[in-house]
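Working through the structure, step by step
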Amino acid sequence: MAKKKKKHFHLLKILLFIILLIIMLVAYSYFIEPKIFTYREYPIDNENIKNEFKGFKIVHITDIHYGRNFNKEDLKKVVRSINEQKPDVVVLTGDLIDKTANMTTQMSNEITDELKTINASSGKYAITGDQDLKFDEFSNIINNSGFIKLDNTYDTIYKNGYKSMLIAGVSTAKDKEDINSKLIATKEFINSF
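Cut-offs and rules
- Position labels on residues start from 1 in each chain and follow its written sequence.
- Selection of residues for local features in this predicted model requires a pLDDT of at least 70, selection of side-chain atom pairs for listing and counting requires 80 or more, and totals for whole chains, interfaces and linings are taken over all residues.
- The side-chain values count all of the structure's non-hydrogen atoms but skip hydrogen atoms and water molecules.
- By nonpolar core we mean a set of buried residues, namely Ala, Val, Leu, Ile, Met, Phe, Trp, Tyr and Cys, connected to one another through side-chain atoms within 4.5 Å.
- Burial here depends on accessible area, computed with a 1.4 Å probe over protein chains only, as a share of the maximum for the residue type. Under 20% is buried, over 50% is exposed, and the range in between is partly exposed.
- To qualify as a helix, a DSSP run of H or I must reach at least 4 residues; to qualify as a strand, a run of E must reach at least 2; elements of each kind are numbered from the N terminus.
- Every residue pair with non-hydrogen atoms within 4.5 Å of one another is taken to be in contact.
- Note on pairing: DSSP must find at least two bridges between two strands before they are called paired.
- Under the convention used throughout, the expected extent of a helix is 1.5 Å for every residue step, that is, one less than its residue count.
- Any N or O atom pair separated by 3.5 Å or less is treated as a polar contact, with the protein-specific requirement of one donor-capable and one acceptor-capable atom, and with residues adjacent in sequence counted only for side-chain atom pairs.

Another point: the nonpolar core. Counting residues in hydrophobic clusters, the biggest one holds 25 residues, and the most contacted among them are Leu-96, Ile-97, Ile-111, Leu-115, Ile-118 and Phe-147. Elements that contribute at least two residues to this core include exactly β1 (58-61), α2 (72-84), β2 (89-93), α3 (105-116) and α4 (137-144). For this core, the element with the highest residue contribution is α2, accounting for four residues. Other than its neighbours up to four places away in sequence, Ile-97 contacts His-65, Tyr-66, Met-103, Ile-111, Gln-131, Asp-132, Phe-135, Phe-138 and Ile-141. Among the nonpolar cores identified, the runner-up in size contains nine residues, and Phe-56, Tyr-125, Ile-127 and Leu-150 belong to it.

Quick look at the structure:
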């Protein structure tokens, strides 16, 4: 009988350990990991980049998921970090708002006010992510914060007023349109040269 109780106690300890491990993993993925801001610098050396654009700095931000575990203070930290990099261009590539967010006017204003303070000498660009599609406010946030929405289109970036570079954006694949049809306008522009 004592041997059986000892075996049950051992199994109970293992089960409690597994439950504790699962709780810790869920807590990490829900509360800690979303607050981690990753910064990496990648130099790009490409013969197609004009000499005038050497040293041109592009900051890429994505998957903020505002409204889940990401709030105004978190966004302020991200914006501060972006501005410290002194970017020429900032690109936001979707999922700014989490699909589970209960979007309010206050939340929309908070996001807009913070994104407005991003400084980029040659422009700020955004494309719509699949989670952003749920919110009509997304376009207003992007437009009112000084970003140019590049869903399936392009823009020209000028350096020193006369040298140019083309920037194109492709929106989320959730709309079932293939990438070639999304880039028709961009390809037509490039082929016109």
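Next comes the rest of the description.
Strand order across the open sheet formed by four strands is β1-β2-β3-β4, with parallel pairing between neighbours. With partners counted over all chains shown, the strands left at the sheet margins are β1 and β4 (148-149), one partner each.

With twelve residues, α3 extends 16 Å between its outermost C-alpha atoms, agreeing within 8% with the 16 Å of an ideal straight helix rising 1.5 Å per residue. Listed in full, the buried residues belonging to α3 are Met-107, Ser-108, Glu-110, Ile-111, Thr-112, Glu-114 and Leu-115. On the buried face of α3, the contacting elements are α2, β3 (123-127) and α4.

What follows is about the environment of Lys-50. Structurally, Lys-50 can be placed in the loop between α1 (2-32) and β1. Classification of Lys-50 as partly exposed rests on a relative accessible area of 38%. It is 8.2 Å that separates the C-alpha atoms of Lys-50 and Lys-163, two residues lying 113 residues apart in sequence. Among the polar contacts made by the side chain of Lys-50, one reaches the main-chain carbonyl oxygen of Ser-164 at a distance of 3.1 Å.

Quick look at the environment of Ser-122 now. Of note, Ser-122 is situated in the loop between α3 and β3. Exposure remark for Ser-122: the relative accessible area of 21% places this residue in the partly exposed category. Considered as a pair, Ser-122 and Val-89 are 33 residues apart in the sequence and their alpha carbons are 5.4 Å apart. Discounting residues that sit within four places of it in the chain, Ser-122 has contacts with Phe-56, Asp-88, Val-89, Ile-157 and Tyr-158.

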